[in-house]
Structure formats: structure tokens, C-alpha cells
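# Coordinate inspection notes
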Amino acid sequence: EKVKKYKKGEEKKQIITLTNREKETLKKIDERAETEFGISLLQLMEVAGTRMAEFLRSKFPRLTQLEVLVICGKGNNGGDGLVMAGFFTTGVLK
């Protein structure tokens, strides 16, 4: 995990990147959840997106009153982000 450090007064944005090894480990965990426990990748995505939306709402209560921009990549986490964005656009978390 890499987190940029900011100087005093500099705008703070936190970006976390994973190494290829960490990505492979997460991929194996997802595959194991499906093969050993019968949890589909779609179910994992739904849970991850739902929990992230709930977490953000608990940390930022006014979030549901604002316009939210969710930028998703093309990987599996992109699906999690789309699920999360859906909660904000439908008003489910209000």
C-alpha cells in the first residue's frame, strides 16, 4: 500500500495503489470464495459496493445531499464502485 504524503497547506487526496502481488492475492481470495464457499463474484461485488456506500454515509452524513462523482476502473473494483454509485443515485441511503 502506497499513500502520498502531503506538505502543510497542500490539498489532501488519498490514493492507494496495490502491487501486482497484492492484486494476485485478492484475485485468489475471490476465486476461493466462489469455489469453496459458493459465493459468486456478483455477490461479492454487491456486498463490497453496499458496504462501501454505508461506510461513506456513516463518515460523511451530508453525502446524500451532495452530488457524488464515482470514477470506476475496468477491473472488478469498477463493479463495486458502480454498485456503490447506484445507492447514491437511487436515494436508498437517505
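Residues numbered from 1 in each chain as written. Predicted model: local features only at pLDDT ≥ 70, side-chain atom pairs only at ≥ 80, totals over all residues. Heavy atoms only, no water.

### Regarding the overall build of the protein chain
Quick reminder of the rule: Labels follow the DSSP assignment, with helices taken as runs of H or I lasting at least four residues and strands as runs of E lasting at least two, numbered in each case from the N terminus. Burial classification: accessible surface area is computed with a 1.4 Å probe over protein chains only, and a residue below 20% of its type maximum counts as buried, one above 50% as exposed, and the rest as partly exposed. Every residue pair with non-hydrogen atoms within 4.5 Å of one another is taken to be in contact. Per-residue and other accessible areas follow the Shrake-Rupley method at a 1.4 Å probe size, with only the shown protein chains counted as cover for residues.
When helices and strands are counted, the protein chain shows three helices and zero strands. The N-to-C order of helical and strand elements in the protein chain reads α-α-α. Relative to its 94 residues, the protein chain shows a buried fraction of 18%. Contacts in the protein chain between residues at least 24 apart in sequence constitute 45% of all its contacts with a sequence separation of at least 6. Of the roughly 8200 Å² of accessible surface on the protein chain, 56% is carried by carbon and sulfur atoms.

### With respect to the nonpolar core
To keep it simple, the criterion reads: Only buried residues count toward a nonpolar core, which is a set of Ala, Val, Leu, Ile, Met, Phe, Trp, Tyr and Cys residues joined through side-chain atoms within 4.5 Å.
If you look at the biggest cluster of nonpolar residues, it comprises seven residues: A53, L56, L63, V83, M84, F87 and F88. Elements supplying a minimum of two residues to this core: α2 (41–59) and α3 (76–90). Ranked by residues supplied to this core, first place goes to α3 with four residues. Discounting residues that sit within four places of it in the chain, M84 has contacts with G49, M52, A53, L56 and V70.

### A closer look at the pattern of salt bridges
The test is simple: Salt bridges are defined by distance alone: a side-chain nitrogen of Lys or Arg within 4 Å of a carboxyl oxygen of Asp or Glu.
Under the defined criterion, the tally for this structure stands at two salt bridges. Its salt-bridge partner being R32, residue E36 comes within 3.0 Å of it at the nearest N-O pair. Linking E36 with R32, this pair stays in helix α1 (residues 20–37), spanning four residues, or about one helical turn. By relative accessible area, which is 46% here, R32 ends up partly exposed. R51 is the partner of E54 in a salt bridge, and the nearest nitrogen-oxygen pair spans 3.1 Å. In this pair, E54 and R51 both sit in helix α2, three residues apart, roughly one turn of the helix.

### Describing α2
Selection rule: One fewer than the residue count of a helix, multiplied by 1.5 Å, yields its expected span. Within this analysis, the arc is defined by the directions that extend from the helix axis to the C-beta atoms.
Over its 19 residues, α2 extends 27 Å from the first C-alpha to the last, a length consistent with the 27 Å expected when each residue adds 1.5 Å. Along α2, the residues that are buried comprise G49, T50, A53 and L56. Down the axis of α2, the sector holding all buried residues measures 130 degrees, keeping them to one side. Structural note: α2 exposes R51, S58 and K59 on the side pointing more than 90 degrees away from its buried face.

### Quick look at the environment of T89
Here T89 shows up in helix α3. Note: C-alpha distance between T89 and E67 (22 residues apart in sequence) is 9.0 Å.

### Quick word on the side chain of T50
Along the chain, T50 turns up in helix α2. Dropping the residues within four chain positions of it, T50 is found in contact with V83 and F87.

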